[in-house]
Amino acid sequence: MSELEKQITGDWYELRTALDEPDTLVDFLDIKPPEFKGAAERLRLSVEEGVVEYKRGLLHSVMSPLKSLKWDSRAITDLNPPLREAAVGVLTPAVQRLFALGLLRLYSPKGGGAEQEPGPGGNAAAQSAGQDAGAGTAGAGAAEEGGEQAPDIKKVVQEVKKLLKERPELQQHQEVKRIMVQLKYYNTELEKMRSLAPNIPREKAAAFKKNFQTTFNEIAQKIGAAYNTLISEEIERDRPKEQLPVLKRYDFSTMDKLFREQIANAAKIYSTIRYAGRERYQMREVLVELSAGEPFYAGFFARELKQYQQLAPFGEDYLKISRAFGGQLQHYYDRYAEWLSP
């Protein structure tokens, strides 16, 4: 096995084992906030064919400087620009796959609500795991003593218990788990306050009470936000299919194989440029040959659009799907840029 093949194999192993962990992918690919911002802006401008249009353009921007090596060897002295584009080219189908499979929750086009993805990064599969939904419900009565927000907590718990009685499967719902985890934390803090209160000097009583009230209010806000999201999703569940956002009308699980192929091929491009940038010697022909494969790699994007057409054969819904995925990625990249910025 050549050293280049070892690079490609090693990189693909690292990427393949982290396909459900966008934070790990970002760290491995070393993508910085300006790169996220640039990608988000290009996605915003991809108004005709959405994410497919963006990925096709991204591939071309990677290959163009490599093609120039056929006539001008000086381009090999700075392979960092195509390498950085290639890194985003790996991450893009990887994140898109997570949205398609429901491992990252969709952003709401109006901001917030049932499609709000819970922040960038993290283990995407773990974002839907949570804690034990049965924890903490016994403390609902004690919640009355937590301050001005406490009645809301008790009401939410009552409503959630009512929902669980009607639909027991909601015990595994992410927002139900969040509510129960926060309620358990609330009861822990409440017991702590009760145990400490008798020994607090009078002159410190006001600050003591204020500190706990701040904690209780934060818990109440988190519980309220989780409950609102849960209710929004329940309302949306009963909406006719044609009224749902386009990415919720279709099952994209059948596209997992195609997205994995896109990621694997993008990783091969990334690893080859990465290796060439480090070695340089006798890499010119390798990179020219890589750039000649642009039509082959672009073919995966044509296949993607064709699969959208098969899922949504009527009208231009297939283009709406591609544009919707582009919008999700644009929002995700904007948020990631903010999250990583100092």
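Residues numbered from 1 in each chain as written. Predicted model: local features only at pLDDT ≥ 70, side-chain atom pairs only at ≥ 80, totals over all residues. Heavy atoms only, no water.

Asker: Outline the packing of helix α2 (residues 22-29) against helix α5 (residues 80-100), supporting the account with residue identities and numerical values.
Answerer: Remark: α2 packs on α5, axes separated minimally by 10 Å, with the N-to-C direction vectors making an angle of 175°. Judged by the angle between their axes, α2 and α5 are roughly antiparallel. Of α5, the residues touching α2 (which contributes Pro-22, Leu-25, Val-26 and Leu-29) are Arg-84, Ala-87, Val-90, Leu-91, Ala-94 and Leu-98. (Axes fitted to C-alpha atoms, helices over the stretch in contact; angles between N-to-C directions. Helix = DSSP H or I, 4+ residues; strand = E, 2+ residues; numbered from the N terminus. Parallel < 35°, antiparallel > 145°, perpendicular 65-115°, else oblique. Contact = heavy atoms within 4.5 Å.)

Asker: Now, about the side chain of Asn-265: what can you tell me, with residues and values included?
Answerer: Secondary-structure assignment places Asn-265 in helix α9 (residues 256-279). Aside from chain neighbours lying at most four places away, what touches Asn-265 is Phe-296, Tyr-297 and Phe-300.

Asker: Please provide a residue-by-residue account of the nonpolar core, values included.
Answerer: Counting residues in each nonpolar core, the largest one holds 71 residues, and the members touching the most others are Leu-91, Ile-269, Ile-273, Leu-287, Tyr-308, Phe-325 and Tyr-333. Ranked by residues supplied to this core, first place goes to α5 with eleven residues. With residues near it in sequence (within four places) discarded, Leu-287 still touches Leu-66, Leu-69, Ile-76, Leu-79, Thr-272, Ile-273 and Ala-276. If you look at the next biggest cluster of nonpolar residues, it comprises 23 residues, including Val-156, Leu-164, Ile-179 and Phe-212. (Core = buried A, V, L, I, M, F, W, Y, C linked by side-chain atoms within 4.5 Å. Buried < 20%, exposed > 50% of the residue type's maximum accessible area, 1.4 Å probe, protein only.)

Asker: Go over the confidence of the model for the protein chain with me, naming the residues and quoting the values.
Answerer: In the predicted model, the protein chain carries a mean pLDDT of 84, and 84% of its residues have values of at least 70. Taken as a whole, residues 111-119 scores under 50 in pLDDT and shows 37 contacts with residues more than four places along the chain or in a different chain. Note on residues 125-151: pLDDT under 50 across the span, and 54 contacts to partners over four residues away in sequence or across chains. (pLDDT = per-residue confidence, 0-100.)

Asker: Which residues make up empty space enclosed by the protein, and what are the values?
Answerer: Evaluated as defined, the whole model comprises one cavity of 30 Å³ or more. As a volume, the largest cavity reaches approximately 190 Å³. Taken together, the elements giving at least two residues each to the lining of the largest cavity come down to α4 (50-67), α5, α9 and α11 (294-311). Here the residues of the lining of the largest cavity are counted per class, giving ten nonpolar, three polar and two charged. (1 Å grid on protein atoms, 1.4 Å probe; cavity = no way out; pocket = protein on both sides within 12 Å on 5 of 7 lines; lining within 4 Å. Points joined across faces, edges and corners; volume = space filled by probe spheres on them. Nonpolar A, V, L, I, M, F, W, Y, C, P; charged D, E, K, R; others polar.)

Asker: Can you break down the pattern of salt bridges residue by residue, with the values?
Answerer: For the structure shown, the criterion picks out 23 salt bridges. For the salt bridge of Asp-256 with Arg-97, the shortest nitrogen-to-oxygen distance reads 2.7 Å. Of this pair, Asp-256 sits in helix α9 while Arg-97 is found in helix α5, placing the two residues 159 residues apart along the sequence. Between Glu-175 and Arg-178 there is a salt bridge, with the nearest N and O atoms lying 3.4 Å from each other. Here Glu-175 and its partner Arg-178 are both found in helix α7 (residues 174-196), three residues apart, which amounts to about one turn of the helix. (Salt bridge = Lys/Arg side-chain N within 4 Å of Asp/Glu carboxyl O.)

Asker: With reference to specific residues and values, describe the packing of α9 against α11.
Answerer: Helices that pack against each other are described as a pair by the angle of their axes relative to one another and the distance between those axes. Close contact between α9 and α11 brings their axes to 10 Å; oriented N to C, the two are set at 160°. Between α9 and α11, the crossing angle belongs to the class labelled roughly antiparallel. The handedness of the crossing between α9 and α11 is left-handed. Contacts from Leu-258, Phe-259, Glu-261, Gln-262, Asn-265, Lys-268 and Ile-269 in α9 reach Phe-296, Tyr-297, Phe-300, Phe-301, Arg-303, Glu-304, Gln-307 and Tyr-308 in α11. Of the residues assigned to the contact of α9 with α11, the class counts are eight nonpolar, three polar and four charged. (Left-handed = near helix turned anticlockwise from the far one by under 90°.)

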